[in-house]
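Structure assessment
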Amino acid sequence: MKMFFVLFFALLALANVYVIWHIWHIMPFVFWKKWVVAGFFTMLFVCMSFAMSRVNDNLPMPVSVMVYEFGTGWLIALLYLVIVFALLDIGRLVHLIPSSFLHASLAGTCLVAGGVGGLLIYGNIHYYNKHREAVVLKTAKPLSKSLKIVMMSDLHLGYHNRRGELARWVEMVNREKPDIVMIAGDIIDRSMRPLEDENMAEELRKINAPVFACLGNHEYYAGISGALDFYADAGITLLRDSVAVAGDVQIVGREDRSNLRRKKVAELVKDLDKGKYTVLLDHQPYNLGDAEQGGIDFQLSGHTHHGQVWPISLITDAVYECAAGRWKRGNTDYYVSSGMGIWGGKFRIGTRSEYIVVTITN
């Protein structure tokens with residue numbers, strides 16, 4: 001794992017060199033102004049490095065927030081700048097684009113800055129527009145009444161999704177007047193510090209329905225001990241390879257795959273009441289067939305974010321049987337949420353932030 005992160009940062013460093021080299025040559029600025037711009041983008045790379053390390057937790061809180069926002073935002077901007085400059089380089093090599101377009105070119109500078117900047121502005125606006133996905137599930141199993149459940153995943157509360165944003169989400173949930181709320185992991189981003197600093201657990205306690213959740217991989221990144229204390233303080237019923245009954249519904253919560261000793265689905269369901277409607281919360285949507293074989297009626301997962309932005313979404317589509325949205329296997333229904341919140345930069349391009357309003361009825 002350590003080698004993976006070393007290679008990842010090396011790749012990011014090369015991408016930064018590639019982009020800054022192109023920006024230096026394409027800008028029609030005098031020498032000293034180019035140094036200013038190059039220095040600014042280098043600073044963004046440093047912020048990105050700090051944002052993805054524990055260094056950020058040791059900075060003053062306002063600085064930590066700024067470093068995280070700029071650093072992770074630059075990661076997305078870097079992706080699109082690499083794509084744009086790579087396409088321009090290919091166009092130049094096949095003589096579709098003149099070399100002058102990439103050297104001291106006002107037109108080239110405006111095209112790149114306007115194109116990438118406009119895309120990021122759109123992605124940021126789209127992130128804040130939370131999509132409400134309505135799902136109706138029919139069952140022959142006995143229900144005393146139709147159940148309304150708000151389901152979410154991947155809130156990623158932290159330096160970027162702060163208490164003010166969480167309050168807006170809680171209000172959206174309460175407007176639905178749900179019977180139950182279910183969260184499929186990654187409530188926490190990667191550090192307990194901003195959650196404790198703003199007492200976000202108090203905000204989560206304002207949800208006007210019982211809340212059930214499973215763990216995600218980011219709870220382990222943040223420190224499992226602190227994460228467990230936070231869940232308890234927030235009034236969330238955390239299911240760790242365990243089962244809870246809420247009225248006519250059985251809720252099975254799996255440990256995240258980060259815990260190599262977690263139980264198999266078959267072990268979790270062997271003593272269940274087969275006559276009750278059963279929901280499985282499993283953060284990472286691997287091995288979907290396990291739920292089908294275990295007689296689960298509905299599985300909620302998250303984790304993928306559907307890549308957050310295109311073209312990363314193409315990778316998640318290739319990796320997962322279902323990377324986002326509804327799915328069906330035999331008698332088991334699935335929903336893989338692309339997430340209410342987001343990791344890193346607040347951009348949604350070709351994907352969406354969402355919450356799911358599920359009605360279970362006969």
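Our structure is the block above this text.
Computed from a predicted model, the values in this text were never measured in an experiment. (Residues numbered from 1 in each chain as written. Predicted model: local features only at pLDDT ≥ 70, side-chain atom pairs only at ≥ 80, totals over all residues. Heavy atoms only, no water.)

1. Side note on the sheet that holds strand β11 (residues 332-336)
Working definition: the strands of a sheet are paired by backbone hydrogen bonds and lie parallel or antiparallel to each other. Spatial ordering of the open sheet is given by β6-β7-β8-β9-β11-β10, a layout of six strands whose pairing is mixed. Looking at the sheet topology across the chains shown, the edges are occupied by β6 (242-246) and β10 (325-329). The mean angle between the axes of side-by-side strands here comes to 20°, regardless of whether they run parallel or antiparallel. Pairing of β10 with β11, which is carried by five bridges, proceeds in the antiparallel orientation. Looking across to β11, one finds that Lys328 is bridged to Asp333. (Pairing = 2+ DSSP bridges. Helix = DSSP H or I, 4+ residues; strand = E, 2+ residues; numbered from the N terminus. Axes fitted to C-alpha atoms, helices over the stretch in contact; angles between N-to-C directions.)

2. With respect to the sheet that holds strand β2 (residues 147-152)
With mixed pairing, six strands are arranged side by side in an open sheet as β1-β12-β2-β3-β4-β5. A strand with exactly one partner marks an edge of an open sheet, and here the two such strands are β1 (131-138) and β5 (237-238).

3. Overview of empty space enclosed by the protein
Summed over all chains, the structure comprises one cavity of 30 Å³ or more. Taken as a whole, the largest cavity encloses approximately 30 Å³ of empty space. Tallying contributions element by element places helix α5 (residues 163-175) first for the lining of the largest cavity, with four residues. Its residues placed into classes, the lining of the largest cavity shows eight nonpolar, no polar and no charged. (1 Å grid on protein atoms, 1.4 Å probe; cavity = no way out; pocket = protein on both sides within 12 Å on 5 of 7 lines; lining within 4 Å. Points joined across faces, edges and corners; volume = space filled by probe spheres on them. Nonpolar A, V, L, I, M, F, W, Y, C, P; charged D, E, K, R; others polar.)

4. Things to note about the layout of surface pockets
Space inside the largest pocket adds up to approximately 1800 Å³. Lining the largest pocket are 44 residues, and of these Phe4, Phe5, Phe8, His218 and Trp343 lie nearest its centre. Those elements that provide at least two residues to the lining of the largest pocket are α1 (2-26), α3 (61-93), α8 (217-222) and α12 (312-319). It is α1 that contributes the most residues to the lining of the largest pocket, eight residues altogether. Here the residues of the lining of the largest pocket sort into 26 nonpolar, twelve polar and six charged. By volume, the second largest pocket amounts to about 540 Å³. Taken together, 25 residues make up the lining of the second largest pocket; nearest its centre are Phe41, Trp74, Ala77, Leu81 and Leu120. Along the lines of polarity and charge, the residues of the lining of the second largest pocket split into 18 nonpolar, five polar and two charged.

5. Considering the environment of Phe31
For Phe31, the location among the structural elements is in helix α2 (residues 31-51). Overall, Phe31 belongs to the exposed group, its relative accessible area being 56%. Taking the C-alpha atoms as reference points, Phe31 and His283, 252 residues apart in sequence, are found 51 Å from one another. (Buried < 20%, exposed > 50% of the residue type's maximum accessible area, 1.4 Å probe, protein only.)

6. Remarks on unusual backbone geometry
For the peptide bond that leads from Trp310 to Pro311, omega is 10°, which places it in the cis range. Looking at the secondary structure, you find Pro311 in the loop between β9 (298-301) and α12. The backbone of Lys177 shows a phi angle near 50°, a positive value even though the residue is not glycine. Looking at the element boundaries, Lys177 is found in the loop between α5 and β3 (180-184). Of the residues examined, Lys177 reaches a relative accessible area of 67% and is grouped as exposed.

Such coordinate-based values are descriptive only and should not be taken to indicate function.
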